[in-house]
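Listed here are the chains, written in short residue letters.
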Amino acid sequence: MRLWITGSGIISSIGVGKAATLQSLMASRSGISKVRYLKTAHSEFPVGEIPMSNSELEQALGISAGTPTTRTSLMGMLALREALASTGLDKESISDVAFVSGTTVGGMDMTEQHWLDFPESSQYDVYIRSHDCGACTEMIADHFGKFASVTTLSTACSSAANAIIYGARLIESGTTDIVIAGGAECITKFHLNGFNALRILDTAPCRPFDDSRAGLNLGEGAAFIVLESERHAIARGAKAQAFLDGYANACDAHHQTASSADGEGAFRAMREALQMAKLKPSDIDYINAHGTGTPNNDSSESAAMRRLFGETIPPMSSTKPFTGHTTSASGSIEAVICMLAIENSFIPPNLNFSSTTDCIAPVTELRSSVLLRHVLCNSFGFGGNDSSLLISSCKNQSILGQSEKRTSNKGDIFLYSAQHISAQKPFSRKWMTKPLQHTEPYVRSIEPDYKPYIAPMEARRMGRILKRALAVTKETLTQSGVEKPDIIVTGTGLGCIENTELFLDALCREGEEFLKPTHFMQSTHNTISSLLAIQLGCHGYNATYAHKTISFDSALNDALMQLREAKKNGLKSATALVGGHDELTPAFYNLLCKAGYLGNPGTMASECSASLVLGTEKREGAMCRVTDMAMLYHPSPESITIAVRKLLSHNGMSADLLSGVLTGYNGSENSRHAYCDHYNDIFGNVPMLHYKHLFGESYTASALGVYVAACCLAEQYIPHSLLCNASGGTECDKESTHSRLSTPKAILLYNADDEKNHSLTLLTAV
C-alpha cells in the first residue's frame, strides 16, 4: 500500500506556517540569532528561537492567560492547527485519528523555572504534572478534541522521525486509517547547558560539513504531517501533498552521544528506507542531511552516504543553519521542508559553507526549477538512534485506488521469557506463593547482585535504573535462549530521573557553569534502549516510548506490529526485546505526592524494571501467547465495552472465556471508580485481578502486569493474592471455588490508570 501525506503544519525560527517557512527558504534567510526569550547566562550561543513569546503564542491560539501550558505544547498546537486545516480535519472529525508526537524536553521549560519553588510552595504544582513528555503531547491533543489514541516517542533528536515511522506502521497494520505524527520541542536551559557541557555548541552560526565547523546551534519548533491510507484518503476526497514511500530506523550501537566513524546506523537507516520503497540509490534526487555542524556527526554521516551512494552522491544539504537544531522536532520539521522543496521544485542551500576536506560538499546556493521525485530526510539522535524517511513527489502520479495489502494485526506472538526487578524478590516467582507484603506508601526496588551481569568498572558509571535494566535484560535473554534480539523497544515514563534531578539541581542551585556532562548524557529517555543496544551489539530497530502509564503498552504494541510484519514477509524467526523501566527517587516521589499523582490512601508507589523477549515462532518453554492489543484515548464506558468485544471477537473469543481480567487497580478511590464502576457491565462475572498491591504503582507498572499474567499462564494457576472483590477490595485471604483460577486459558490486562489513557492486552496460554 502507499501512504499518502495529506496535510502538514510547521513552526520554527524561520516562520510560523508553511508559507512563511517557504519564503525564508527561498530567500536563504536564517532564523539563527542571539538569545531573546530564553533566560540564560549563555548569551554567547546563537539559537533559532520561535519569534514569539509564550503569551503571544497563547494569544494566537486563543488560550486564556494563566492557563497552564508549556512552550513545547504551545508550538505543537500551532503546527497541529495548520496540519488539520490543510487536510480538512476539525474537532468533530478526529475521533478516529491517532496522534503520535516526539519530544524529549517535554515540560522542562516550566520545571526548571520552578524547581526550587516546588518543595516549599503549592503554587506551581501543576507544572510537576506537566513535566513528563506525555503531558505535553496530551496538552497539544486536548486543545483540539478527542483523538482515538495518543502516544509519545522520545529518542532524542530522532523522536519526530520515529513518531512518523510508528504512525506509518499503525496504518500499515490496519490499526487505523489516518494518523497525525511529528514532534515539538522548545529550547530550555537544561538542554542548552547539557549540550554546552558536552562542548558541542558553536558561538557562531553553525556550518555543517565545513572544515571550520565547531558545533551546533540549538533551535526550537514543531511540525506534524497527516498520514492516510490511499483508500481512506480517496474516500474522503483528500489530496496528496506527497507520499511516504519508505522509512527505517537503525541503531549505531557505538556510543551514548558520539556517532561511529563509518556511520553504520545512518547507513543502515538510509539503505533500509530505500529497500522499503523499492528504489535504487540513483533514484534519490536530494538528501536533507541531519548535518548538525559537529565535527563527529558530519564526518560520520558523510561516511554513511559514501558507503550507500558511492561516487555518485545526490545533491545534499543541511537546513539546520536556517532553523537551528530543533532536536526532537527536527525530523518532522525537516520532513515538511522536504515536502515544500518537492512541491516548489527547489533544493535549499547549506548556509555558511566554505570548504571541506573530510566531508561531502553540500549544495551552497538555492537551486530552482529542480525536479525532485524522491528525497531522503535523515534524523539521528543520541545513542546512535538513526532514522531515515523517504518522501516522494505526487506530481504526475495517477491515482489508482487499488486494493491495499496490509499486515494483519491479528496473529499470535509468543512470549519466550520475562523477568523483573521490583518490590518483590528479583528474578523470582516467589511472589506467586509467598509474596512480600509491603505497608509503606513508597518502596524502592529490591536490588539483585549485579556482579554476574555488569563489570564493576562499568557499574560505577551507571545509575540505578541503567544497572537494573541491563541486569534484567541479560537474565531474560539468557532464559529465552535469544542472544541478540532483532528489535529493542522500551517504555519509560520518567527515564533516568535520578540523573535528570542531579543535572537540574546543579543547574538551578549552582548556575550554568561546570555542569557534569555524564548527568546530562544519562538524562535522555532513550539512554536505556541505547545502552542495551551498545551492550548487545544490536543494530536493529531501537525506540523508546515515554507517555505516562501507557509508555510500556505503546512499546509492546510497536513490537507486536513489527513481529507480525516480519511473519508477513516470510521471516521464520524474528525476536523483540521489550522493556518497561522507571525509577522513583525520594525527591521526585515527594513532588508527585504534592501534585496528587502518588501518595493517595491505600496506594504504594514503587519502581519497575521488567523485560520481555517475544518472537514469531512457537518454541518449547514459551510462557504464553501475546494475542492482541488495543489502545484508546478518553474512552467512554460504552466505547470501552465496544473495544473489549471487538478485541475478543477478532480473536474468536467472548468475555465469558476469559480466566480473569488483570486490572491496574492500585488501591486508591479514583482507581476503584475507574475499574469497578463499569466492570460488571463490561466483563460480567469474569474474576477481577490486581497486582499493584504487590509490585506498586509506577508509570510502567503495566510491564509488570504483563509479566504477572504471563507467569499465571505459564504456571497454569492464578494465585489468590491477585483476586479482587466487586468493589476493588482484596480477597487475598479468601478461598475461591472459581474453576478458571486453576487452569487459566486467557487473561486480559486492562490498564486505565489515568482517565485518558486505556489499553487492552490479551494473553493466552500456549
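1. A closer look at the overall build of the protein chain
Right, so step 1: Regarding its fold elements, the protein chain presents 25 helices and 23 strands.
Right, so step 2: Relative to a compact globule of 766 residues, whose C-alpha radius of gyration would be 27 Å, the protein chain shows 25 Å and is just as compact.
Right, so step 3: Dimensions of the protein chain, computed from the C-alpha atoms along their principal axes, are close to 80 × 60 × 55 Å.
Right, so step 4: Within the protein chain, buried positions represent 66% of all 766 residues.
Right, so step 5: With the model as given, the accessible surface of the protein chain reaches about 26100 Å², and the carbon-plus-sulfur share is 50%.
Right, so step 6: Computed over 64 positive and 77 negative side-chain charges, the separation of the two mean positions in the protein chain equals 4 Å.

2. Here's the deal with the pairing of strand S13 (residues 385–392)
Right, so step 1: Of all 8 residues in S13, 8 are buried, a share of seventy percent or more.
Right, so step 2: Every second residue of S13 is oriented toward a common face, with Asn385, Ser387, Leu389 and Ile391 on one face and Asp386, Ser388, Leu390 and Ser392 on the other, all of them buried.
Right, so step 3: Two strands pair when backbone bridges link them, and strand S7 (residues 242–251) and S13 are joined in this way by 8 bridges, in the antiparallel orientation. Of the residues in S13, the one forming a bridge with alanine 250 is aspartate 386.
Right, so step 4: Across 8 bridges, strand S12 (residues 374–381) lies against S13 in antiparallel orientation. Pairing of valine 375 across the sheet is with isoleucine 391, part of S13.
Right, so step 5: Where S12 folds back on S13, the antiparallel hairpin that results is connected by 3 residues, among which glycine 383 adopts a positive phi of roughly 80°.

3. Topic: the layout of surface pockets
Right, so step 1: When its volume is computed, the largest pocket comes out at roughly 1300 Å³.
Right, so step 2: Forming the boundary of the largest pocket are 43 residues, of which Arg169, Tyr247, Met276, Glu565 and Asn569 lie nearest the centre.
Right, so step 3: Of all the secondary structure elements, the ones that give two or more residues to the lining of the largest pocket are helix H7 (159–172), S7, helix H10 (264–277) and helix H19 (551–568).
Right, so step 4: In the lining of the largest pocket, the residues fall into 17 nonpolar, 13 polar and 13 charged.
Right, so step 5: Looking at the second largest pocket, its volume works out to about 1200 Å³.
Right, so step 6: Around the second largest pocket sit 49 residues that line it, and Ala148, Thr175, Ala630, Met631 and Lys646 are the ones nearest its centre.
Right, so step 7: For the lining of the second largest pocket, the elements supplying multiple residues, two or more each, are strand S3 (98–102), strand S4 (149–153), H7, H19, strand S19 (624–633), helix H21 (637–650) and strand S23 (757–764).

4. A few points about the packing of aromatic side chains
Right, so step 1: Tallying each qualifying case throughout the model produces 18 aromatic pairs.
Right, so step 2: An angle of 55° between the planes, with centres 6.1 Å apart, marks the rings of tryptophan 4 and phenylalanine 243 as tilted. Pair noted here: tryptophan 4 is in strand S1 (residues 3–12) and phenylalanine 243 is in strand S7, with a separation of 239 residues, a long-range link. In this pair, the class of tryptophan 4 matches that of phenylalanine 243, namely buried.
Right, so step 3: Between phenylalanine 382 and phenylalanine 520 the ring centres are 6.3 Å apart and the planes differ by 85°, which places this aromatic pair in the edge-to-face class. Of this pair, phenylalanine 382 sits in the loop between S12 and S13 while phenylalanine 520 sits in helix H17 (residues 517–521); the two residues are 138 residues apart in sequence, bridging distant segments of the chain.
Right, so step 4: Ring pairs connect the aromatic residues Phe190, Phe195, Phe382, Phe503 and Phe520, which therefore count as one cluster.

5. Some words on the pattern of salt bridges
Right, so step 1: The final tally for this structure, using the stated rule, is 29 salt bridges.
Right, so step 2: Residue lysine 594 pairs with aspartate 125 through a salt bridge whose shortest N-O separation is 2.7 Å. Placement of the pair is lysine 594 in helix H20 (residues 586–594) and aspartate 125 in the loop between helix H4 (108–114) and helix H5 (126–129), with a sequence separation of 469 residues.
Right, so step 3: By relative accessible area, lysine 594 is classed as partly exposed at 28%.
Right, so step 4: Given a relative accessible area of 12%, aspartate 125 falls into the buried group.
Right, so step 5: Between lysine 320 and glutamate 334 there is a salt bridge, and its shortest N-O distance comes to 2.9 Å. You can see lysine 320 sitting in helix H12 (residues 320–323) and its partner glutamate 334 sitting in helix H13 (residues 330–344), a full 14 residues away along the chain.
Right, so step 6: When salt bridges with common partners are traced through the structure, they connect Arg444, Glu447, Arg464, Arg468 and Glu607 into a single cluster.

6. Thoughts on the state of the cysteines
Structurally, a disulfide amounts to a covalent bond that connects the sulfur atoms of two cysteines.
Right, so step 1: Taken as a whole and judged by the stated rule, the model has 0 disulfides.
Right, so step 2: In this model cysteine 136 remains outside any disulfide bridge; the closest cysteine sulfur is found in cysteine 133, 7.4 Å from its own.
Right, so step 3: Between cysteine 251, a cysteine without a disulfide, and cysteine 538, which holds the nearest cysteine sulfur, the sulfur-to-sulfur distance is 8.2 Å.
Right, so step 4: Here cysteine 251 falls in the buried class, since its relative accessible area comes to 0%.

7. Looking at the confidence of the model for the protein chain
Right, so step 1: When pLDDT is averaged along the protein chain, the result is 93; 96% of the residues meet or exceed 70.
Right, so step 2: Counting contacts from residues 730–737, a segment whose pLDDT is below 50, to residues more than four positions away or on other chains yields 15 contacts.

Rules used throughout
Residues numbered from 1 in each chain as written. Predicted model: local features only at pLDDT ≥ 70, side-chain atom pairs only at ≥ 80, totals over all residues. Heavy atoms only, no water. Helix = DSSP H or I, 4+ residues; strand = E, 2+ residues; numbered from the N terminus. Rg over C-alpha atoms; globule rule 2.2 N^0.38 Å. Buried < 20%, exposed > 50% of the residue type's maximum accessible area, 1.4 Å probe, protein only. Areas by Shrake-Rupley, 256 points an atom, 1.4 Å probe, with all protein chains shown as cover. Lys, Arg positive; Asp, Glu negative; His and termini not counted. Charge placed at Lys NZ, Arg CZ, Asp CG, Glu CD. Pairing = 2+ DSSP bridges. 1 Å grid on protein atoms, 1.4 Å probe; cavity = no way out; pocket = protein on both sides within 12 Å on 5 of 7 lines; lining within 4 Å. Points joined across faces, edges and corners; volume = space filled by probe spheres on them. Nonpolar A, V, L, I, M, F, W, Y, C, P; charged D, E, K, R; others polar. Phe/Tyr/Trp six-rings, centres within 6.5 Å; stacked < 30°, edge-to-face > 60°. Salt bridge = Lys/Arg side-chain N within 4 Å of Asp/Glu carboxyl O. Disulfide = S-S within 2.5 Å. pLDDT = per-residue confidence, 0-100. Contact = heavy atoms within 4.5 Å.

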